[in-house]
Amino acid sequence: LKREESISKEMFTALKEASLTFFMGVPCKYLADLISHLEQDRDVVYVPVTREEEGIGIAAGGFLAGKLGVLLMQNSGLGNSINTLASLMLFFRIPVVLLVSQRGLSGETIDAQIPMGRATEQLLKNLDIPFFTYSRREDLVHLKDHVFYARSKEKPVALLVHPEFWG
Amino acid sequence: MYRYDVLSLIDALLSDELVICNLGIPSQELYAIGDKPNYFYMLGSMGMVSSIALGLALNTEKTVVALDGDGSLLMNPGSLVTVAHQNPPNLKWIVIDNGSYGSTGNQPTYTRRKTSLSEMARAAGITDVYELHTKEALEVTLKDTITAKGLCFIVVKARAGNRSAKPVPLDPISIRNRFMEAEKAVNPGRE
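Computed from a predicted model, the values in this text were never measured in an experiment.

**Q** Hey, could you run me through the interface of chain B and chain A in this one?
**A** Quoted interface sizes are often the accessible area lost when the parts come together. Taken together, the contact pairs 32 residues of chain B with 25 residues of chain A. Counting each side, the surface lost to burial between chain B and chain A is near 2300 Å², with a carbon and sulfur contribution of 66%. When the buried area of chain B at its contact with chain A is split by residue, M48, N59 and R176 of chain B rank highest and sum to 23% of it. The tally of links from chain B across to chain A stands at one salt bridge. A salt bridge links E154 of chain A to R176 of chain B, with the nearest nitrogen and oxygen atoms 3.2 Å apart. Counting every contact that joins chain B to chain A gives four residue pairs in polar contact (both at pLDDT 80 or more).

As structure tokens, then:
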């Protein structure tokens, strides 16, 4: 548990170093500590949403005022967001960072997560949304570049955080 | 009152507020009434109008007006809960409730039967809620609320029916860019 707390803190620090201050999210057990860090930081806005698609819309509104948003969710939430990612974000060229807790991989204890786990990368490919895998804490050194990619290309990017990342 | 009449009155009473307009015929009608750079026409992503408006309101000093519809709100009802709790004082959420999916042939929505959007908003935790039936009431309420501080949710009951309007002849990037310019123009000191 100690290790999990500290990797969440490292992720939090990396997000802040990438100048990200506007977050939306639906919880996942792996994201719980990261969400706590975000909620406790006075320079950060964290908006809990009822459904992931809503978070995409809120991120779009933030970008219209110049703010790049981050949506925290499980990959099941990607399934809830497809149309808005396509007909709002890609169509209007609006970036968002999707911080996705990748479920349904080997070792998954909830069988119902497996179909979306298998579909996630293909869905992102079909949408032409770039994705990057985070499976070790060393992967965090690339976070700034991945965020820069979203900003400069003005399109969504997905950070697929695998369970082993959290230790 | 048809949707077109409601939009005409809103357009006449607004000045430089940032407007997020629901997709389909509502955007086409608003464009025909009086296109402005501070009007964002959604073009797609049905249901997201109040979410876009919320994200904007949380990040701008300006007043934000969401022009929603009953069918659209019923597609994203969770937004009532999120907006109620975020409670941005610069957000005015107007729902033109004509009991119909107007852009697809006026098929009835459930608000034509038992469902009350104003009751749903109150139950979600929004306190400043209006349900209006006449042009006069709309005019008075808009004048009172648009420039005042505080989140409000206004349901305007309207008759089903569309004006013949053409698709918004703007490409999405132009809509986005000129809207962002309009937003920046009022916040010159922002990062």
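**Q** Explanation requested: the pairing of strand β3 (residues 64–69) of chain B in the structure shown.
**A** In the case of a regular strand, side chains alternate between the two sheet surfaces. Residue and element names in this part refer to chain B. Counting buried residues along β3, six of its six residues qualify, which places the element largely inside the surrounding structure. Going residue by residue along β3, you find V64, A66 and D68 tucked away on one face and V65, L67 and G69 tucked away on the opposite face as well. Of the strand pairs in this sheet, strand β1 (residues 18–21) and β3 are connected by four bridges, and their pairing is parallel. For V19, the partnering residue across the bridge sits in β3 and is V65. Looking at chain direction, β3 and strand β4 (residues 91–97) are connected through six bridges and run parallel. The partner of A66 across the bridge, within β4, is W93.

**Q** How should I be thinking about the side chain of N76 of chain B in this particular structure?
**A** Summarising the element assignment, N76 of chain B is placed in the loop between α4 (70–75) and α5 (78–86). What N76 of chain B contacts, discounting residues up to four positions off in sequence, is E54 of chain A together with G47, M48, S50 and S51 of chain B.

**Q** Just checking my understanding: could you explain the environment of M73 of chain A for this structure?
**A** Residues and elements named next belong to chain A. In this fold, M73 is placed in strand β3 (residues 69–74). With relative accessibility at 0%, the residue M73 sits in the buried group. Filtering out sequence-adjacent residues up to four positions away, M73 remains in contact with V26, L31, E52, L78, S81, L98, L99, V100 and S101.

**Q** Looking at this structure, how should I read the nonpolar core?
**A** Generally speaking, soluble globular proteins have nonpolar side chains that are buried together. By size, the foremost hydrophobic cluster in this structure holds 83 residues, and its most contacted members are L98 of chain A together with I20 and F153 of chain B. Not counting chain neighbours up to four residues away, the residues in contact with F153 of chain B comprise L73, L80, W93, V95, L117, S118, A121, I126, D128, V129 and Y130 of chain B. Judged by nonpolar contacts, the second largest core, of 31 residues, contains F12, F23, L140 and V157 of chain A.

Parameters and conventions
Residues numbered from 1 in each chain as written. Chains lettered and ligands numbered in written order. Predicted model: local features only at pLDDT ≥ 70, side-chain atom pairs only at ≥ 80, totals over all residues. Heavy atoms only, no water. Contact = heavy atoms within 4.5 Å. Buried area = accessible area lost by both parts, 1.4 Å probe. Salt bridge = Lys/Arg side-chain N within 4 Å of Asp/Glu carboxyl O. Polar contact = N/O pair within 3.5 Å; in protein donor to acceptor, adjacent residues only side chain to side chain. Buried < 20%, exposed > 50% of the residue type's maximum accessible area, 1.4 Å probe, protein only. Helix = DSSP H or I, 4+ residues; strand = E, 2+ residues; numbered from the N terminus. Pairing = 2+ DSSP bridges. Core = buried A, V, L, I, M, F, W, Y, C linked by side-chain atoms within 4.5 Å.

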